[in-house]
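Understanding the architecture of this molecule
Chain by chain, the residues run as shown.
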Amino acid sequence: MGRGLLAFVSIALVACALNPATGRKQLSFFSESYEIELGAEVDREFLTTSREYEDAGLHRYVAELGGRLAAVSERPDLPWTFRLADDEIVNAFALPGGRIYVTRGLLAHLNREAELAGVLGHEIGHVSARHAVNGLSRELAITAGVLAGLALFDVDDDAQAIAALGLGLLFLKFGRNQERQADELGVRYAERAGLDPWGVVDVLRVLEQVSRAQGDGWFPVWLSTHPDPEGRWQRLAAETGLDPAPRPGAVQPEVDAFLDRLDGLVYGPDPRHGVIRGNVYVHLRDRFQWTLPAGWEVERQGQMVAAGNAEQNGQVVLLPRLAATEREAAAAFAAEDGVRAGESWDENLGGLAARLVRFDGGLDGEEVRGLAAFVRTPARVVSVLGVSASDSWSRNQLELERSVRSIGRIADPQHRAAAPDRLAIVTLDRSMTVGEIARRYSPQEEPAVLALLNQVDVDAPLPAGRRVKTIRAGR
Ligand SMILES: [Zn+2]
């Protein structure tokens, strides 16, 4: 994470900054320029495990809408950026300094511009009110051994630093009061920008439904990073005095224009950038496959894939590395704080050059043992770590090492070609229910999925001429 943060905290410049959005004074370790610098660092690390969605037109659209809202916020002069993350999970987040991401998974669930403005305004609210930096200040202040912890970040190119700080900051859980404040600021910005402020209320309702339909994993989706008090959107509507009628934005031309932008949007996992089939992870663009232990609980975050056993004492993790060679990546890993590297050797894994390292070390106060493979895929270096609690190593070793060694070139022809599913916007030629729409256009999908995407009831007939989202199967 760079020495900047370490040096900065060492000097311990505790500034009492005025919260620009509330006008109240708050304890903050971070000056605005440092906040911007920190955001840039976390952003760079975020993009080593995640990626931007490739669609210049959509990117421009999101950036322009975000820019309109940021311009009427309390911090218009921040270097705001608004980007679309190529991730099927439903989430949006704000990094310090005004870097805001919306996932393509979230975008797919929106049905009009005001809802997107609602998400962006809410995230701008978190930044305007300095929630992330204040949260980080608070965490630093209450964490004993802060400096010891930060030594981790000296390893600049280490993707593990993302897990330690990058993702930690990314998934910093906001408090309920911060959520309320961000909601209300979102309404404020939409009103100031001449957009329909009801979009904030509507999108909270959408996200609540989607989050409940999808459930929780290890890696938080919207609900877990933006806790949802009971009755949140109803309360917001009441407290901000929004007039429920008329709803100026909820008109068909606005919906149609917005849906047209989503036509062709990748939906769900994209096999070009990694997909899990059974217990095999296949990455078409980087041209490798990797077998996870069968039956383990799998979680993904961008380009990071992890699986854990039921006893929660064994884990395998795949991460991209910034190093140019497998040896360089192995050396960087061995130099990491808390890692005690043992025997290491070269090995060919499934047609790929690899450097393997046995190691043990301390992880959050727990002693662990493991085997790491640093592997040169046709596109870049990745690492696969098999890690076990030390006292469970003898039980886990066989399964962990088999998984670590299973990475290799794509062997199975069925994995070689695949295209992602995409949204397809269709105009109904007659009145239909979502069930009928699913049967005709997306027979591979449950009607409930289309109902959620279109924010309609499964049984309610939709009129002829209505434009709706369907899912076109990729292969
Ligand atoms: Zn939030």
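Going by the structure above, here's the rest.
What you are looking at is a predicted structure, and each value in this text was computed from that prediction instead of being measured.

Considering unusual backbone geometry
With phi around 60°, Q312 is a residue other than glycine that occupies positive phi space. Along the polypeptide, Q312 turns up in the loop between β11 (304-308) and β12 (314-320). In this structure Q312 comes out as exposed when scored by relative accessible area, which is 72%. Located in the positive-phi region is Q455, a residue other than glycine, with phi close to 55°.

Some points on the sheet that holds strand β18 (residues 467-472)
Within a beta sheet, neighbouring strands are joined by backbone hydrogen bonds and run either parallel or antiparallel to one another. The three strands are arranged β6-β17-β18 in an open sheet whose pairing can be described as antiparallel. What marks the edges here is a single partner per strand, and that holds for β6 (266-267) and β18. Two elements, strand β17 (residues 421-427) and β18, share six bridges in a ladder whose sense is antiparallel. Its bridge partner being in β18, R422 is matched across the sheet by R472. Of the strands in this sheet, β17 and β18 are in contact with helix α13 (residues 252-262), which crosses β18 at around 15°. Sheet strands in contact with helix α17 (residues 447-454) are β6, β17 and β18, and its direction is about 135° off that of β18.

Observations concerning the nonpolar core
Counting 56 residues, the largest nonpolar core has L107, L116 and L120 as the members making the most contacts within it. No fewer than three residues from each of domain 1 (3-262) and domain 3 (420-472) sit in this core. Setting aside anything within four residues of it in sequence, one finds L120 in contact with V62, L65, G66, L69, F82, I100 and V102. Of all hydrophobic cores here, the second largest spans 23 residues; its members include V305, V316, L349 and V384.

So, the pairing of strand β8 (residues 280-283)
Going residue by residue along β8, you find V280 and V282 tucked away on one face and Y281 and H283 tucked away on the opposite face as well. As judged from the three bridges shared by strand β7 (residues 275-277) and β8, these two strands associate in the antiparallel manner. Considered in β8, the bridge of I276 is made with Y281. The antiparallel pairing of β7 with β8 creates a hairpin that spans two residues between the two strands, and G278 there sits at a positive phi of about 65°. As paired elements, β8 and strand β9 (residues 288-291) share four bridges and run antiparallel to each other. Bridge pairing links V280 to T291 in β9. Between β8 and β9, which pair antiparallel and follow one another directly, the connecting turn spans four residues, one of which, R287, has a positive phi of 55°.

Looking at the pattern of salt bridges
Overall, the coordinates contain 30 salt bridges when judged by the stated rule. Several salt bridges share partner residues, and in doing so they unite R51, E54, D86, R104 and R285 into one network.

A short note on the packing of aromatic side chains
On inspection of all chains with the given rule, the structure shows six aromatic pairs. Taking the centre distance of 5.4 Å and the plane angle of 35° together, the rings of F93 and Y101 count as tilted. Exposure remark for F93: the relative accessible area of 6% places this residue in the buried category. You can call Y101 buried: its relative accessible area is 0%. Above the ring of Y61, the side-chain terminus of R261 is found at 3.7 Å from the ring centroid.

Conventions adopted
- Residue positions are given per chain, counted from 1 along the sequence in the order it is written.
- Local features in this predicted model are restricted to residues whose pLDDT is 70 or higher, and side-chain atom pairs enter the listing and the counts only when it is 80 or higher, whereas totals over whole chains, interfaces and linings include all residues.
- The basis for every side-chain value is the complete set of heavy atoms in the structure, and neither hydrogens nor water enter the calculation.
- Working definition: helices are DSSP H or I runs of at least four residues, strands are E runs of at least two. Numbering for both runs from the N terminus.
- Working definition: with a 1.4 Å probe on protein chains only, accessible area under 20% of the residue-type maximum means buried, over 50% means exposed, and in between means partly exposed.
- Here a strand pair is declared whenever DSSP counts at least two bridges between the two strands.
- When checking whether two residues touch, look at their non-hydrogen atoms; a contact exists if any pair is within 4.5 Å.
- Axes, fitted as lines to C-alpha atoms, cover a helix only where it is in contact. Angles between the N-to-C directions of the axes lie from 0 to 180 degrees.
- The term nonpolar core refers to a set of buried residues drawn from Ala, Val, Leu, Ile, Met, Phe, Trp, Tyr and Cys, joined through side-chain atoms within 4.5 Å.
- Segmentation of the chain into domains, including their bounds, is taken from an automatic or database domain assignment.
- Any Lys or Arg side-chain nitrogen located within 4 Å of an Asp or Glu carboxyl oxygen qualifies as a salt bridge.
- The rule is short: rings of Phe, Tyr and Trp, with Trp giving its six-membered ring, pair when the centres are within 6.5 Å, and they are stacked under 30 degrees, edge-to-face over 60, tilted in between.
- Only lysine NZ and arginine CZ atoms are considered, and such an atom sits over a ring when it is within 6 Å of the ring centre and within 35 degrees of the ring normal.

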